[in-house]
Each structure stands twice: as structure tokens, then as C-alpha cells.
Amino acid sequence: MLEFMDVPELNDPVLIAAFEGWNDAGEAATSAVRHLAEAWDAEVVAAFDPEDYYDFQVNRPRVLIEDGRRVLRWPTTRILVATETGFGRDVVLVQGIEPSMRWRAFSLELLELAQQLGVTTVVTVGALLADVPHTRPIPVTATAEDEAVIHRFDVEASRYEGPTGIVGVLSHTAAEAGVPTLSAWAAVPHYAGGPPSPKATLSLVRRIESLLGITVAHGELEENAQAWERGVDELAQSDDEVAEYVKSLEEAQDTAELPEASGDAIAREFERYLRGRDDDHPTR
């Protein structure tokens, strides 16, 4: 059950959600939402009762010392609201941990809160490990299930089939309820997938900016991303096998991005090849 605090009336709010765990390679997704919360000075308005959704042997509570007192911090998912975004819409941010159980109930409860707050768009954010080089821009793929949302935000149709996490379940639940929903996923280099991953975080923030037509202060993200890339450069240069592997990933990505590598271009080349065979071997 969600534990509410005072919730102000919101202006055409968009919900942006990320979860620690399976959906969050390099902690890039949760770091992106955390950055937005800090940039917009968002305030906590609700939190899930952790007893309902978390296995404390998997996500253990933590003992902390605050103001000289020992406190117990339980794993949960918090909902924050930002009303000073600077782009004419308020934002509901979801920061949490992938639940251990009762995913359908969790998603429905979160969606009910979103509808109570008047949310008109849901953006889920994730990150996955992939065969991409750290030296190139981090790819971020944005998808949606609904045709109208695909055209409105100029994103790809969701074609993924396979295991999913809470991000996928929440996205599907929201879309099924008729709430315009899209998802943005960053591809984190698997050989450098340990947290933090500021370059992937920065790419996600930039993709959110482009999707919503907004501008967000990047703070230290760009500097941290450059420092991260330099650190991975040093790691790669110290190991010949890793350096060769990175080079192969660079070549593969550069080739895939060439205009000549598009489907139409390949089809045209194949047609020319067939015509050339006909010219070399005329019908007798």
C-alpha cells in the first residue's frame, strides 16, 4: 500500500520511472532519474509499504547513523513530484527497487496513483548490457506499443520478445490502461558495465530531453562521463585482448551506421549485382 504525504495539484504531469536491479545496468537508469530529481528539486510525496513487495533477504534494510541516532532504512519505491521544471509541465518521478513479488499488484497500484495525480504520459527508463564500444555515443533506444504514441514521439515500435523486468510490466500495464507510454533504454558496454556509468546516464537524460522537448541542467554529468571514458580507455589500453575487442566493436558500429548499410541501399546493391550477372551471362 502506498503511504501518502501532501500532494499538490499538478499541471499536465508526466511520470518518469526507473528501478534498481535487472533493468538498471551500470545503475544508469536510476542515476538518470536521480539526476532529474536533483535538478528539479523534487519532493517525496508517497512511498510503497516495503512489507507488501520486497523480500528483505534479497533487499536488506540498512542501519544508518543520522544526527547521532541509529535509524533503519527499509528498501522501497518512492514517488517524488517536481513542480519547478521550467517547461510548463510538472513531473512525477519514481525511484525504487525492482519488487521481489506481486508485480501486477505493484504496477496497478503505481498506475492508480499516476491516474489520481493526473499523469498524461508515462516514460519508463532502463539500461542493459550490450556489445557496444565505450568510445562511441551510448545508444539509447526509445520504443512504444501504441501506434499513436509511436508517431507522436517519433519512436520505434516495441518488437522485443523474451524475459522482462518491472519496467516492461509497468510499461505494458500503463499502455493497456490507455495511458500514452514509451520506454527509453541505454546500451551499456558489457565489458565496462559496473556502476556508475555516467556516460550512459547522460545519454538517457539527453534522450528524455528530446522526447519531451525540454532542457535539463546537466551539472557534473558531462565531466563525469568524460572521466569515465578516460578510465575505460586506460583499462582497454592495458590489455591487448580488450583493446582488440573494443576496436572490433568500433568497426562494427561504424559500418552499421554508414548510409550505404541501410536496408534500401543494400537492396539496391543486390539488384545491381543481379543485373551484372545477367549482363555477364546473357540468355542463349
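Our subject is the structure that appears above.
Residues numbered from 1 in each chain as written. Predicted model: local features only at pLDDT ≥ 70, side-chain atom pairs only at ≥ 80, totals over all residues. Heavy atoms only, no water.

*Asks:* For this particular structure, what's the right way to read the pattern of salt bridges?
*Replies:* The full count for this structure, using the stated rule, is 6 salt bridges. R73 is the salt-bridge partner of E66, the closest N and O atoms lying 2.3 Å from each other. The class of E66 is partly exposed, set by a relative accessible area of 32%. Among the residues examined, R73 registers a relative accessible area of 42% and is labelled partly exposed. For D254, the salt bridge identified is with R136, shortest N-O distance 2.8 Å. Of this pair, D254 sits in helix α7 (residues 240–256) while R136 sits in the loop between β8 (121–130) and β9 (140–144), and the two are 118 residues apart along the sequence. Among the charged side chains, a network of salt bridges with common partners joins R136, E250 and D254. (Salt bridge = Lys/Arg side-chain N within 4 Å of Asp/Glu carboxyl O. Buried < 20%, exposed > 50% of the residue type's maximum accessible area, 1.4 Å probe, protein only. Helix = DSSP H or I, 4+ residues; strand = E, 2+ residues; numbered from the N terminus.)

*Asks:* Would you take a moment to explain helix α2 (residues 103–116) for this structure?
*Replies:* Because an α-helix completes one turn every 3.6 residues, residues spaced three or four positions apart along the sequence face the same direction. With 14 residues, α2 extends 20 Å from end C-alpha to end C-alpha; this agrees with the ideal 20 Å at 1.5 Å per step. For α2, the set of buried residues is F106, S107, E109, L110, L111, L113 and A114. After α2 finishes, the residue G118 shows a positive phi value of roughly 80 degrees. (Expected span 1.5 Å × (residues − 1).)

*Asks:* Which parts of the structure should I look at to understand the nonpolar core?
*Replies:* Among soluble globular proteins, nonpolar side chains are generally buried collectively. One finds I16, W40, L93, V125, V155, L182 and L204 to be the most contacted residues of the largest nonpolar core, which totals 42 residues. The greatest single-element share of this core, amounting to 7 residues, is contributed by helix α5 (residues 198–212). If sequence neighbours within four positions are ignored, V125 has contacts with I16, A17, A18, A29, V167, A184, L204 and I208. Counting residues in each nonpolar core, the second largest holds 29 residues, with V92, L113, I166 and A174 among its members. (Core = buried A, V, L, I, M, F, W, Y, C linked by side-chain atoms within 4.5 Å. Contact = heavy atoms within 4.5 Å.)

*Asks:* When you look at the side chain of E250 in this model, what are you seeing that I'm missing?
*Replies:* By secondary structure assignment, the location of E250 is in helix α7. You can call E250 buried: its relative accessible area is 18%. Sequence-distant contacts of E250, defined by excluding residues within four places in its chain, comprise P133, T135 and R136.

The values are spatial; any link to function lies outside them.
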